[in-house]
Amino acid sequence: MVGANLKAETMTLMEKRSALEAEMDAIISRLCQPDGPGLSGNLVDSEGFPRTDIDIPVVRAERRRLSELRNDHNSITDKINENIQLLHSVRLSSVSSSVKDSDNGAGSNSQNSSVVNVVSSASSHNIVLRDSSAAMDVHAIVSKPFSVIDEIIDASPAAEDGLQLGDQIVKFGNVEAGDNWQDRLATEVQTNQGHAIPVVIMRQGATINLSVTPRPCQGRGLLGCHFRIL
């Protein structure tokens with residue numbers, strides 16, 4: 001029963017997180033449209049006067065809302081991670097117990113052993129917990145974007161390889177969320193010039209896998225885009 005309740009709560013949280021991501025993507029798209037203010041661009045012109053080409057109160061409201069959504073997104077992601085770890089423990093405990101108490105012979109032990117292997121090999125970022133006897137499958141992908149593309153140049157390597165303005169980066173090669181990700185990402189790009197780098201992004205609430213090949217171009221570095229911290 002505990003596992004069932006945790007599963008239901010986790011799935012509800014994941015739906016809420018997807019809704020938050022969709023709203024965040026919509027705000028980012030509006031702020032980062034051509035000639036838009038961006039996520040943190042100046043709201044005054046070169047002479048210090050309020051810009052007349054944008055609706056400053058609306059921009060401020062959307063930036064404030066985006067900040068609130070990010071905080072909510074982080075809280076929900078933390079709770080999802082916590083629930084999945086609990087589910088992991090519950091399923092392992094249940095399966096281990098059934099293996100010890102099973103009197104169905106080698107075939108049953110083999111089946112239960114395979115379940116243990118599935119659970120044990122799961123990680124907090126990509127967890128598949130399976131117990132056919134309880135008819136409870138949990139397929140949860142916990143991913144936390146660490147940056148967003150807030151500038152991208154037409155015909156750049158990033159654009160040609162499928163990245164878009166507002167894409168949230170979950171993993172770029174070997175780089176994930178953590179300290180000094182900017183330096184690690186720059187190193188990843190430099191050391192892989194001319195070689196495809198696998199990239200995992202969030203776009204409108206969906207996880208997308210791409211590959212991007214750093215190469216010389218006109219614009220920013222070897223990709224022609226800019227990553228801003230989330």
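Residues numbered from 1 in each chain as written. Predicted model: local features only at pLDDT ≥ 70, side-chain atom pairs only at ≥ 80, totals over all residues. Heavy atoms only, no water.

The next thing to look at is the overall build of the protein. Scanning the protein from N- to C-terminus turns up five helices and seven strands. Its helices and strands in sequence order give the protein the pattern α-α-α-β-β-β-α-β-α-β-β-β, from N to C terminus. Considering only intrachain contacts with a sequence separation of at least 6, the fraction spanning at least 24 residues in the protein is 60%. For the protein, the exposed surface amounts to about 12600 Å²; the carbon and sulfur share of it is 49%. (Helix = DSSP H or I, 4+ residues; strand = E, 2+ residues; numbered from the N terminus. Contact = heavy atoms within 4.5 Å. Areas by Shrake-Rupley, 256 points an atom, 1.4 Å probe, with all protein chains shown as cover.)

Let us now look at the sheet that holds strand β5 (residues 197-203). Strand order across the open sheet formed by five strands is β6-β5-β4-β3-β7, with antiparallel pairing between neighbours. Each having just a single partner strand, β6 (206-212) and β7 (225-229) make up the two edges of the open sheet. Pairs of neighbouring strands in the sheet enclose a mean axial angle of 40°, with direction left out of account. As paired strands, strand β4 (residues 168-172) and β5 are joined by four bridges and run antiparallel to one another. Across the sheet, F172 pairs through a bridge with V199, a residue of β5. Helix α5 (residues 181-191) rests against β3 (147-152), β4, β5 and β7 of the sheet, and its axis sits at about 155° to β7. (Pairing = 2+ DSSP bridges. Axes fitted to C-alpha atoms, helices over the stretch in contact; angles between N-to-C directions.)

Quick look at the nonpolar core now. If you look at the biggest cluster of nonpolar residues, it comprises 19 residues, and the most contacted ones within it are I28, L39, L66 and I80. Elements with a contribution of two residues or more to this core: α1 (2-31) and α2 (56-101). Residues contacting L39, with those up to four places away along its chain left out, are I28, L31, C32, R63, L66, R70, V148, D150 and R228. Formed by 18 residues, the second largest nonpolar core is a distinct cluster that contains L163, L185, C225 and F227. (Core = buried A, V, L, I, M, F, W, Y, C linked by side-chain atoms within 4.5 Å. Buried < 20%, exposed > 50% of the residue type's maximum accessible area, 1.4 Å probe, protein only.)

Further remarks concern the environment of I28. Within the secondary structure, I28 sits in helix α1. Taking the C-alpha atoms as reference points, I28 and Q168, 140 residues apart in sequence, are found 10.0 Å from one another. Apart from the residues within four sequence positions on either side, I28 is in contact with L39, L66, V148, G166 and Q168.

With the rule as written, the count across this model stands at two aromatic pairs. Measuring from ring centre to ring centre gives 5.9 Å for F172 and F227, while their planes differ by 80°; the resulting arrangement is edge-to-face. You can see F172 sitting in strand β4 and its partner F227 sitting in strand β7, a full 55 residues away along the chain. You can call F227 buried: its relative accessible area is 14%. (Phe/Tyr/Trp six-rings, centres within 6.5 Å; stacked < 30°, edge-to-face > 60°.)

When you line up the elements, E62 lands in helix α2. A relative accessible area of 16% places E62 in the buried class. Contacts of E62, omitting those with residues within four sequence positions, involve I27, R30 and L31.

None of this, on its own, says anything about what the molecule does.
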